[in-house]
Structures are given as structure tokens and as C-alpha cells.
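Below, each chain spelled out in residue letters.
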Amino acid sequence: MTTTTPTATALPEATAPGPTPRRARRRARRSTPLTIAMLAALAYFLLPLFWLLIASTKSTQDLFNSFGLWFSHAPQLLTNIKETFTQDDGVFVHWLLNTVLYAVVSAVGAALLAAAGGYGFAKFRFRGDRFAFNLVLGAVMVPTTALAIPTYLLFAKAGLVNTPWAIILPSLVNPFGLYLMRIYAADAVPDSLLEAARIDGAGEARIFFRIALRLLGPGLVTVLLFTLVATWNNYFLPLIMLNDPDLYPITVGLASWAAQAQNGGAGASSDMLALVVTGSLLSIVPLVVAFLMLQRYWQSGLAAGGVKQ
Amino acid sequence: MTAARRHRAAGPLFVAPFLTLFLLLFLAPLGYAAYLSLFQNRLIGGNVFVGLDNYTQALRDPQLLHGVGRVALFFVIQVPLMLLLALLFALALDSGLLRLARVIRLGIFVPYAVPSVVAALMWGYLYGPDFGPFAQLSRDLGLPAPDFLSDGWMLGSLANIVTWEFVGYNMIILYAALRTIPQELYEAAAMDGAGAWRIAWSVKLPALRPALLLTLLFSVIGSFQLFNEPNLLMKIAPDVISSSYTANLYAYSLAFTGQQVNYAATVSFLLGLVIVIASYAVLLTANRRRTP
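Residues numbered from 1 in each chain as written. Chains lettered and ligands numbered in written order. Predicted model: local features only at pLDDT ≥ 70, side-chain atom pairs only at ≥ 80, totals over all residues.

1. Focus: the overall build of chain A
A tally of regular secondary structure across chain A gives 14 helices and zero strands. Taken from the N to the C terminus, the helices and strands of chain A come in the order α-α-α-α-α-α-α-α-α-α-α-α-α-α. Buried residues in chain A amount to 47% of all 309 residues. (Helix = DSSP H or I, 4+ residues; strand = E, 2+ residues; numbered from the N terminus. Buried ≥ 20, exposed ≤ 12 C-beta atoms within 10 Å, placed from the backbone.)

If you want it as C-alpha cells, here you go:
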């Protein structure tokens, strides 16, 4: 599945930014059977990651010769990491840096564009505003991959194919992000505050950057994080847009290594398999760490975003 | 210029950057695909206007119809299962009955941060007959290894990967919605003598409606454009996953292997149309049920 859109949930009335107060719990009683059932579910979700961690410590030969869910007699995680980073003159490092570049530029750009647009639609009335907003809203349901091939054809004409822009530009437009920010801005930015700033003689740009953007914080972080994940995980778009391995993001790079490992079979070049496995592990560490560290932000953003029907 | 007039002029300026890019990167490709779909590139005569010929061809193209049929089947089986699991997990987390609730919540969500490419690679190796632990275990027990990558299992194996990736994401959306239900509603229900199940059914589920609808809509859009997972499993099971296994794989191979640009644009455009129609069907059904 390729959709990774920022999203939010229903609020009876969208509240101001900030964590929603936790409800006092009546029951302090815990249920052991329910806990055990959920731990079983948790085991399913962690199983592949556990396997990946174990497999990253093995040589390609040990992958075949030892039991998959436990260490072999000669763990070699550091050797594998070193080989992953030095294979093909360090192309893996390129892939990591490319991924960071594409993801960060896209996420910051998309979040700012959505915030400015959402603020504009929420706080100003102008000719055609309703039409323009509905047009964007209708686009929420248009799948991005249906756009990818025609975008490729257009970019080929404009000479943008096989450049970082081919990945960044399409990731900047996030219709759902704009929708989210409009709803968020309507509630989080009080009109009276804007009026007061205007009376004080502040310009519109200054009001937006100094006052509104701060109030839009949690919504902004939500759009930012989810665009970051979507771009980090993007495979289809870079697959069709790029053919220079030095420009690949990590997803396309790993897929190309996996194809090599497959074609190599069990022969001499099959060392690739250990590299694919170790590279996979290395590629998920940054995002998992980011999500765990920023959980307060995205969880409050999800709760406070609010989708009204 | 007065403050009021400056104020009025500022609105369009705030929305202009987004709308400009939206026009160039969203509407223009859509329009270009529609335009391309009306032409054919022929050996003799070059680019020829053919009206709706590409569409009549597409609607009778067995490869496309099978691809769409397969993702529709995938949608009907995988999405209800995934959303049901997400709903049950969210209710369990919200019930306050769990120990280690925080660990469980984050652990189930973690796969969302794993790129689908890595998820497909991992599961592909886990499924595999050579060093997958399932095959290893069955060999040790003297049983035939389950062939997860065979024709009969493949759709289920793909469904498992997608479910693994997205249950946690949907669970978090539903859980966040549950946390916003006002406490007074529970107190009122408890005073009326409602038990935990009754509260889940009569208070929590109705309050989850908008969030559930949202997760359903994103699942429609996601399933119908299924690409990454089959594209990667194709490399380890080329005999099972053909280049037209899903509609999106078909569009991709038409454009980049077959060089049939016009027909690929037609297929992309049709696929987009199918998804928009399916999304509106979901919305309409949901809304009709709400207002009888």
C-alpha cells in the first residue's frame, strides 16, 4: 500500500492546541487475560523486526545454515554494517543522505505550504476561495500513483527527471495536509488576536510568521511528520523518476540490492543477501527513533487536529 | 492603503504558493494523462488522435480487468480484517484494563515507521522456503513447508504484509478519537446500568464513526493502488506475480517496459477514476445509513 497521508480524528469541538486532558479512570482493575491476548498480538508485530535484528548479525551462509529466530555461533553485526557502508564505494551512505534530503525538504516545504494555505482559507474571504478549496478537497481522493506516470512524462519534457526535484516537487503538494491545517487554523488562531495585531500596525506576513505559525504548531508538526514518513518510505515515485544509483533513496537502493542478491543465487555474489538484511535494519532505525522521541507531538497532533463532518 | 484593504488582499497571497504547485503538480499531470489517453503512437502516421479507442481497449483488456479484480478482492478481504483488528486494539487500549498499555501501543504502531519496501523484503524472506523460520520449523518437525509464495497463498501473504504495516496506524487514529469522548458520557451510561461491552457498543462505536470512515477511505485509496509489496515479492516469486498482477503494476510495466505511454496514461486515468468512484461510494453508503 502506498498511501501515507497525515490524518486526524474527530473531535466534538476541536480544542486549542495542547494535550487533551486525560480522563480520570474509574477502574484501576487490570485484566490479565486481555493483557496476555494483547501481548500475543504485540509478538506478531515485533516478530519480523526481531528476525531482522537477528539476521543482521549473520553472514549470508549462516542465514541459510542456522535457525532464523536465534543467533548463529559467530555473530558479525559490525562486519555486516561495515560491509554495507563500503559496498560499491559507499553507495549506501549516498542513499541514506539522499533519503534524508528528500524527506526533510519535502516535509518542511509541504508543512509550510499547507499551513500558509490552510491559514489563508480559514482566516480570509476572497473571490473564488470556496471553489479553490473544494477543488483541493476533491483531490484528496485522487491516488498519488495514478499521478506518478503522467508526472514522469511531464518532468521528462521539462528535464527534471533524474534530479532531486523529481522527488521533492511532487511531495510538496499535500491536499489532505491543507485540509487539516484549514480546520486547525480556524479553531487555533482567534480572530480577535489577529485584529489586535492589525490595530497595532503589524503587517500580514509578520502576523502569520510571528503569531499564527506558533499557534499552528501541533498541526504543523503532524503534517510534517507524516509527510516525512511518506517521503522516506516512497518507492514508486523515485523508482520511475531516477535511474542514477547515486540519486536513489534508500528504498529503491535496497530493492536494487535485493534484486542482485536474488539473481546471484547461492553463488559467489550471494554475500549481497547479508547486505540487504543489514541495510534494511539500518534504514528503519532513524524513523523508529524519531517516532519514539517525538511521540508526544504526533499523538497530540492527531488528537487535536480534528476532522469535522 | 487601509489595514482592512491590506487584510483583504493578503488571503490570496497565503493560498497562492500551495495553489500554484497544486495546479502544476496535481492538475497538470491529470490533464496531461487525459490528453495522452486520447492519442495513439503508431509506427506509421506517428501520434494519431483516436478519441476514446484507448478506453474501449482498456475496458476489454483481460489483464487490466484481472488486475482490478484482484485488488478489489484484496480490498474486500484485507481491509475489514485490518480495521477490525485496529478497532479491537484501540478499544482494548482505551478500556484501561491493560497492563503495559504504553509498550503495547507503541509496539503495534512501530511497523508504520518501517518503509513498505523493507516490510516486503522482511516478510518475503520470512515466507521463503530456504531460510525462512516457518520453513525451517516445519522441516525440523518433519512437516511439509507451507509455500507462502505459491499462487494459492500469494494474495493472503500480501494481505498479511499490508495488515502488519497499517493496523497500528489505524489503531492510533481510532485510539486518539476514543480519547476525546467526554467522560460525562461514560458516567451517564454507567448510571443507566450499562456494562463495559454495552458502553463500547452504544457510546464508543457511534463516537468513532467519523474516524472509522476516514480510515476506511484511506484504505480504499491504498488498496486499489497496491504496488510496492507485489513489486518486491515479484523478484522472489516471478512465476506467481506477473507484470499485470495489480492494476498499478500493469500501468507501470506498460509505461516503462512496454513503452506504451498513451495506453499507460489511459490505465492510470481509469485507475484513478475507479478509486474516486469507490471512495464516493463508501462516503455515500456511510452517509445514507446515518440519515435514514
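2. Brief notes about the overall build of chain B
Helix and strand counts for chain B stand at twelve helices and two strands. Secondary structure elements of chain B, listed N to C terminal, follow the sequence α-β-β-α-α-α-α-α-α-α-α-α-α-α. Here the C-alpha atoms of chain B give a radius of gyration of 24 Å, more than 25% beyond the 19 Å that 2.2 N^0.38 yields for 292 residues. Its C-alpha atoms give chain B principal-axis dimensions of roughly 85 × 80 × 40 Å. (Rg over C-alpha atoms; globule rule 2.2 N^0.38 Å.)

3. Let's talk about the interface of chain A and chain B
Listed as interface residues are 89 residues of chain A and, on the opposing side, 89 residues of chain B. Grouping the constituent residues of the side of chain A that touches chain B by class yields 61 nonpolar, 20 polar and eight charged. (Contact = placed C-beta atoms within 7 Å. Nonpolar A, V, L, I, M, F, W, Y, C, P; charged D, E, K, R; others polar.)

4. Focus on helix 5 (residues 116–127) of chain B
Residue pairs spaced three or four apart in an α-helix point in one direction, given the helix's 3.6 residues per turn. All names here are of chain B. With twelve residues, helix 5 ought to run about 16 Å at 1.5 Å a step, and its terminal C-alpha atoms sit 16 Å apart, in line with that. Most of helix 5 sits out of view: twelve of its twelve residues are buried. Buried within helix 5 we find Ser116, Val117, Val118, Ala119, Ala120, Leu121, Met122, Trp123, Gly124, Tyr125, Leu126 and Tyr127. (Expected span 1.5 Å × (residues − 1).)

5. Overview of the packing of helix 7 (residues 175–188) of chain A against helix 10 (residues 217–233) of chain A
Residue and element names in this part refer to chain A. Here helix 7 crosses helix 10 at 165 degrees, and the two axes come no closer than 9 Å. As the angle between them shows, helix 7 and helix 10 are arranged roughly antiparallel. Every pair of crossing elements has a handedness; the one defined by helix 7 and helix 10 is right-handed. Facing helix 7, whose interface residues are Gly177, Leu180, Met181, Tyr184 and Ala188, helix 10 presents Gly219, Val223 and Thr227. (Axes fitted to C-alpha atoms, helices over the stretch in contact; angles between N-to-C directions. Parallel < 35°, antiparallel > 145°, perpendicular 65-115°, else oblique. Left-handed = near helix turned anticlockwise from the far one by under 90°.)

6. Thoughts on the environment of tyrosine 252 of chain B
All names here are of chain B. By the secondary structure assignment, tyrosine 252 is in helix 11 (residues 247–256). With 25 C-beta atoms counted inside 10 Å, the residue tyrosine 252 sits in the buried group. Residues tyrosine 252 and glycine 69, 183 residues apart in the sequence, show an inter-C-alpha distance of 17 Å.

7. Focus on the packing of helix 13 (residues 272–293) of chain A against helix 5 of chain B
Packing of helix 13 of chain A against helix 5 of chain B leaves a shortest axis separation of 10 Å and a crossing angle of 140 degrees. As the angle between them shows, helix 13 of chain A and helix 5 of chain B are arranged oblique. Handedness of the helix 13 of chain A/helix 5 of chain B crossing: left-handed. Residues Val276, Ser280, Ser283 and Ile284 of chain A of helix 13 of chain A pack against Val118, Leu121 and Met122 of chain B of helix 5 of chain B. Its residues placed into classes, the contact of helix 13 of chain A with helix 5 of chain B shows five nonpolar, two polar and no charged.

8. Quick look at the pairing of strand 2 (residues 46–49) of chain B
Residues and elements named next belong to chain B. Note that strand 1 (residues 39–42) and strand 2 share four bridges and pair antiparallel. In the strand pairing of strand 2, arginine 42 is matched with glycine 46. Between strand 1 and strand 2, which follow one another and run antiparallel, lie three residues, and glycine 45 among them has a positive phi close to 105 degrees. (Pairing = 2+ DSSP bridges.)

9. Focus on the environment of leucine 85 of chain B
Residues and elements named next belong to chain B. Here leucine 85 shows up in helix 3 (residues 62–94). The class of leucine 85 is partly exposed, set by 19 C-beta atoms lying within 10 Å. Placed 42 residues apart in sequence, leucine 85 and leucine 43 show a C-alpha to C-alpha distance of 53 Å.

10. Regarding helix 9 (residues 204–215) of chain A
Residues and elements named next belong to chain A. When the terminal C-alpha atoms of helix 9 are compared, their 15 Å separation across twelve residues agrees well with the 16 Å that a helix rising 1.5 Å per residue should span. Turning to helix 9, its buried residues number three or more, namely Glu204, Ile207, Phe208 and Ala212. Along helix 9, the residues classed as buried sweep out an arc of 95 degrees about the axis, all on the same side. Away from its buried face by more than 90 degrees, helix 9 exposes Arg206, Phe209, Arg210 and Arg214. (Arc of directions from axis to C-beta.)

11. Comments concerning unusual backbone geometry
Residues and elements named next belong to chain A. Despite not being glycine, aspartate 88 shows a phi value in the positive range, around 50 degrees. Within the secondary structure layout, aspartate 88 lies in helix 3 (residues 77–123). According to the C-beta neighbour criterion, aspartate 88 is exposed, with 12 such atoms within 10 Å. Positioned with a positive phi, aspartate 89 is a non-glycine residue whose angle comes to about 55 degrees. Residue placement: aspartate 89 occurs in helix 3.

12. Brief notes about the confidence of the model for chain A
Residues and elements named next belong to chain A. Confidence in the prediction of chain A, expressed as mean pLDDT, is 83, and 85% of residues score 70 or more. Per-element confidence in chain A ranges from a low mean pLDDT of 63 for helix 14 (residues 295–305) to a high of 95 for helix 6 (residues 165–172). Low pLDDT, under 50, characterises residues 1–26; the predicted model gives this stretch 75 contacts beyond four residues in sequence or across chains. Every residue in residues 305–309 scores below 50 in pLDDT, and together they form 19 contacts with partners more than four places removed in sequence or on other chains. (pLDDT = per-residue confidence, 0-100.)

13. Here's the deal with the confidence of the model for chain B
Looking at chain B as a whole, its pLDDT mean stands at 88, while 96% of the residues score no less than 70. Predicted complex metrics record ipTM = 0.89 and pTM = 0.88.

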